[in-house]
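Residue-level listing of the chains:
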Amino acid sequence: MCRIQEDKRVSSVGIFTLGENDLALPENALISADDLRIISVKYIGFDQNVHFGEIICSKSVARSLIKIFAELFEANYEIEKIKLASEYGSDDDKIMSDNACSCFNYRTVANSNEMSLHALGRAIDINPLYNPYIQNGIVMPQNAAKYADRNADFPHKINHDDICYKIFTKHGWKWGGDWENDKDYQHFYKPKSRINKLLKKHRSK
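What you see is a predicted model, and the numbers here were worked out from it, not measured in a lab. (Residues numbered from 1 in each chain as written. Predicted model: local features only at pLDDT ≥ 70, side-chain atom pairs only at ≥ 80, totals over all residues. Heavy atoms only, no water.)

## A closer look at the confidence of the model for the protein
- Put simply, the protein has an average pLDDT of 88, and 86% of its residues get 70 or more.
- Every residue in residues 1–9 is under pLDDT 50, and counting partners more than four places away or in other chains gives 32 contacts.
- The model gives residues 197–205 a pLDDT under 50, and that stretch makes 8 contacts with residues more than four places away or in other chains. (pLDDT = per-residue confidence, 0-100. Contact = heavy atoms within 4.5 Å.)

Written out as structure tokens, the structure reads:
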């Protein structure tokens, strides 16, 4: 679970450090505040207005995300809202149901004991209500059922033709919509082999 202090609120684009008191992490967590950064980005909302949002992410991907969101902004790509997971009590169902874009969330993959890349700040979800996670045929969040049909025509849908997909993958990020079995259409992530080894080591404990 993450808690961010109010004095970290910013209204300009940039990368900022986190202090130990800014995070509430479980004992023996895989990361610390030093591994993370909080970035502030500009984005175009569904209301067509300019907004600022805060994203906690791994420090190793902070600059990449700054560039990505700058390009999304220049492309007038619409994101309904950007929120910290802590604003929803780190409840992923609530985050997705509210269509909030978020990154760091110290949690496991849904319905498993496997640590999510969100727990390391190396995954981000974009417009999750319109781009649900489908696991073993179950659509998450539940109120996204009508967006599970990816052949249907509706706004804010991420696919291979979408500028969001093109910008993220151009910067070396992978997309959950390309998975062979389960599909996570909201999900962009940047793994590394050493990160995968760390997660496997953690699961074996």
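## Looking at the layout of surface pockets
- What the second largest pocket holds in volume is close to 240 Å³.
- Lining the second largest pocket are 16 residues, with Asp92, Asp93, Met96, Ala110 and Met140 positioned closest to its centre.
- Elements represented by at least two residues in the lining of the second largest pocket include exactly helix 2 (92–97) and strand 8 (138–140).
- Taken together, the residues of the lining of the second largest pocket break down into 8 nonpolar, 5 polar and 3 charged. (1 Å grid on protein atoms, 1.4 Å probe; cavity = no way out; pocket = protein on both sides within 12 Å on 5 of 7 lines; lining within 4 Å. Points joined across faces, edges and corners; volume = space filled by probe spheres on them. Helix = DSSP H or I, 4+ residues; strand = E, 2+ residues; numbered from the N terminus. Nonpolar A, V, L, I, M, F, W, Y, C, P; charged D, E, K, R; others polar.)

## Structural notes on the sheet that holds strand 10 (residues 183–184)
- Strand order in the open sheet made by the 3 strands is 8-7-10, with antiparallel pairing throughout. In this open sheet, the two strands that pair with only one neighbour each are strand 8 and strand 10.
- Inspection of the sheet shows strand 7 (residues 133–135) paired to strand 10 by 2 bridges, in the antiparallel sense. Bridging from a neighbouring strand, isoleucine 134 pairs with lysine 183 of strand 10. (Pairing = 2+ DSSP bridges.)

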